[in-house]
Amino acid sequence: MATTLGPNQYGKAEVRLVTVEREGPVHHLRDLTISTALRGHLEATHLTGDNADVVATDTQKNTAFAFAKQQPVGQIEDFALRLGRHFVGEFGQITGARVLISEHGWNRIDVGGAPHDHAFSHGGGEQRSTAVTIRGERAWVVSGLTGLVVLKSTGSEFHGFPRDRYTTLAETDDRILATAVTACWRYRTTELDWAASFADIRRLLLETFATKHSLSLQQSLYAMGEAVLDAHDEVAEVRLSLPNKHHFLVDLAPFGLTNDNEVFYAADRPYGLIEGTVRRTEESPEEFADADAAGLSWHPLPAF
Ligand SMILES: O=c1[nH]c(=O)c2[nH]c(=O)[nH]c2[nH]1
């Protein structure tokens, strides 16, 4: 039988890295999950078990820890770029890298109205993330967030959908709309004030969800992506995944009670899952022409 090695990559997944930076008595906490994956001339190990070209996944993990000691971690995008460029720059057989980092937020505990120096409470399920891909000299950055849970108790309708013999859903002109936002956006640059960009994109996602009168979650999704592209030249494309966290009106008639949009059953599953991409249609300005090709931004490997 004739076989050949197809696309492949390897690395250490989900390295949990916590750093404490001390500014006198005030401590700064960072909590990251890092995955590195390397690509390159790796036929030998697959075909014969010759590991001469294999930068061990253990070494990849150690490099992340050592880098965190040698220089403040900084923005996750910069840390991912540093790590990825290191592996590609240091080892001739490694021609590409993909580094994923998600950051878990911690907030200072408030004690008597003042933020505590070194005690923190977990920020909840929300995470900030980045996916950096390196190939040779080139780099692509996609950043985003997950687990941003939002709900509006009015300003959402859903009606006008087709009815067939399987349709039972009632039309509504006033419902709860809730979701956990997963968003990622592809940058046109690798040098940026990442923190400022992230903060403003997050603000726009929240504000648009809140203020856009919604006739469908799909409409909200598009408006959220459009708001980001309108305000942020440095972003080429936004992808959103929005689970519709259904809140069904409970039928209180059996108890002789009315339900005037006050009592809901928050269903856990199944949930609608609304996903979409919002893109620019205009010609790329000169400065972004090269960066506007998605390149390897989204697809880790053709096969995955
Ligand atoms: O905003 C919505 N979009 C849908 O596609 C859909 N489908 C459904 O049952 N409820 C909803 N709500």
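The rules behind each value
- Residue numbers here run from 1 along each chain, matching the order of that chain's written sequence.
- Per-residue local features of the predicted model are confined to residues with pLDDT of at least 70, and side-chain atom pairs are confined, for both listing and counting, to 80 or more; whole-chain, interface and lining totals are unaffected and use all residues.
- Only hydrogens and water are set aside; all other atoms, that is, all heavy atoms of the structure, feed into the side-chain values.
- Strands are treated as partners if at least two bridges between them are detected by DSSP.
- In this text, helices come from DSSP runs of H or I with a minimum length of four residues, and strands from runs of E with a minimum of two, each type numbered from the N-terminal end.
- The angle between two axes is taken between their N-to-C directions and runs from 0 to 180 degrees, where each axis is a line fitted to C-alpha atoms and a helix contributes only its stretch in contact.
- By definition in these notes, contact holds between two residues if any of their heavy atoms fall within 4.5 Å.
- Here the term cavity refers to a set of points on a 1 Å grid, laid over the protein atoms alone, in which a 1.4 Å probe fits but cannot get out; the term pocket refers to an open set having protein on both sides within 12 Å along at least five of seven lines, with lining residues being those that place an atom within 4 Å of a point.
- Grid points are joined across faces, edges and corners, and a volume is the space filled by probe spheres set on the points.
- Side-chain classes follow a simple rule in which Ala, Val, Leu, Ile, Met, Phe, Trp, Tyr, Cys and Pro form the nonpolar group, Asp, Glu, Lys and Arg form the charged group, and the remainder, Gly included, forms the polar group.
- Salt bridges are identified by distance alone: a Lys or Arg side-chain nitrogen within 4 Å of an Asp or Glu carboxyl oxygen.
- Partly exposed describes any residue whose relative accessible area lies between the buried limit of under 20% and the exposed limit of over 50%, with all areas from a 1.4 Å probe on protein chains only and scaled to the type maximum.
- Residue-level confidence of the predictor is what pLDDT reports, using numbers from 0 through 100.

**Here's the deal with the pairing of strand β3 (residues 94-111)**
Point 1. Here strand β2 (residues 26-40) runs beside β3; their pairing, made up of nine bridges, is antiparallel. Paired with Ile 34 across the bridge in β3 is Ile 101.
Point 2. Looking at chain direction, β3 and strand β4 (residues 114-135) are connected through 14 bridges and run antiparallel. Directly across from Trp 106, in β4, lies its bridge partner His 122.
Point 3. The hairpin turn running from β3 into β4, its antiparallel successor, is two residues long, and Gly 112 in that turn takes a positive phi close to 60 degrees.

**A closer look at the sheet that holds strand β1 (residues 15-23)**
Point 1. The eight strands are arranged β1-β2-β3-β4-β5-β6-β7-β10 in an open sheet whose pairing can be described as antiparallel. Looking at the sheet topology across the chains shown, the edges are occupied by β1 and β10 (272-279). Within the sheet, the average angular offset between the axes of one strand and its neighbour, ignoring direction, is 25 degrees.
Point 2. As judged from the nine bridges shared by strand β5 (residues 138-152) and strand β6 (residues 177-187), these two strands associate in the antiparallel manner. Paired with Leu 148 across the strands is Val 181, a residue of β6.
Point 3. On the sheet, helix α2 (residues 57-70) packs against β1 and β2 and is oriented at approximately 10 degrees with respect to β1.

**Some details on the layout of surface pockets**
Point 1. Its volume calculated, the largest pocket comes out at about 490 Å³.
Point 2. If you go around the largest pocket, you meet 20 residues; those closest to its centre are Leu 169, Ala 170, Thr 172, Arg 175 and Phe 248.
Point 3. Sorting the residues of the lining of the largest pocket by element identifies α5 (217-231), β8 (247-249) and β10 as the ones contributing at least two each.
Point 4. With three residues, the top contributor of residues to the lining of the largest pocket is β8.
Point 5. The residue inventory of the lining of the largest pocket, partitioned by class, reads nine nonpolar, seven polar and four charged.
Point 6. In this structure, the second largest pocket occupies an estimated 350 Å³ of space.

**Quick look at the pattern of salt bridges**
Side-chain pairs of opposite charge can arise whenever the charged atoms involved come near each other.
Point 1. What the rule picks out here adds up to 11 salt bridges.
Point 2. The partner of Arg 186 in a salt bridge is Glu 237, with the nearest N and O atoms 3.0 Å apart. Taken together, the residues span a long stretch of sequence, with Arg 186 in strand β6 and Glu 237 in strand β7 (residues 235-244) at a distance of 51 residues.
Point 3. Overall, Glu 237 belongs to the buried group, its relative accessible area being 3%.
Point 4. Note that Glu 237 is salt-bridged to Arg 279, the shortest N-O span being 3.6 Å. Pair noted here: Glu 237 is in strand β7 and Arg 279 is in strand β10, with a separation of 42 residues, a long-range link.
Point 5. Overlapping salt bridges bring together Arg 186, Glu 237, Arg 239 and Arg 279 as one network.

**Brief notes about the pairing of β5**
Point 1. Sheet topology places β4 next to β5; nine bridges connect them, and they run antiparallel. Its bridge partner lying in β5, Gln 127 is registered against Thr 146.
Point 2. Taking the residues between adjacent antiparallel strands as the criterion, β4 and β5 are bridged by two residues, where Gly 136 takes a positive phi near 55 degrees.

**Digging into the confidence of the model for the protein**
Point 1. Scored by pLDDT, the protein has a mean of 95; 97% of the residues are at 70 or more.
Point 2. Predicted complex, confidence summary: ipTM 0.99, pTM 0.94.

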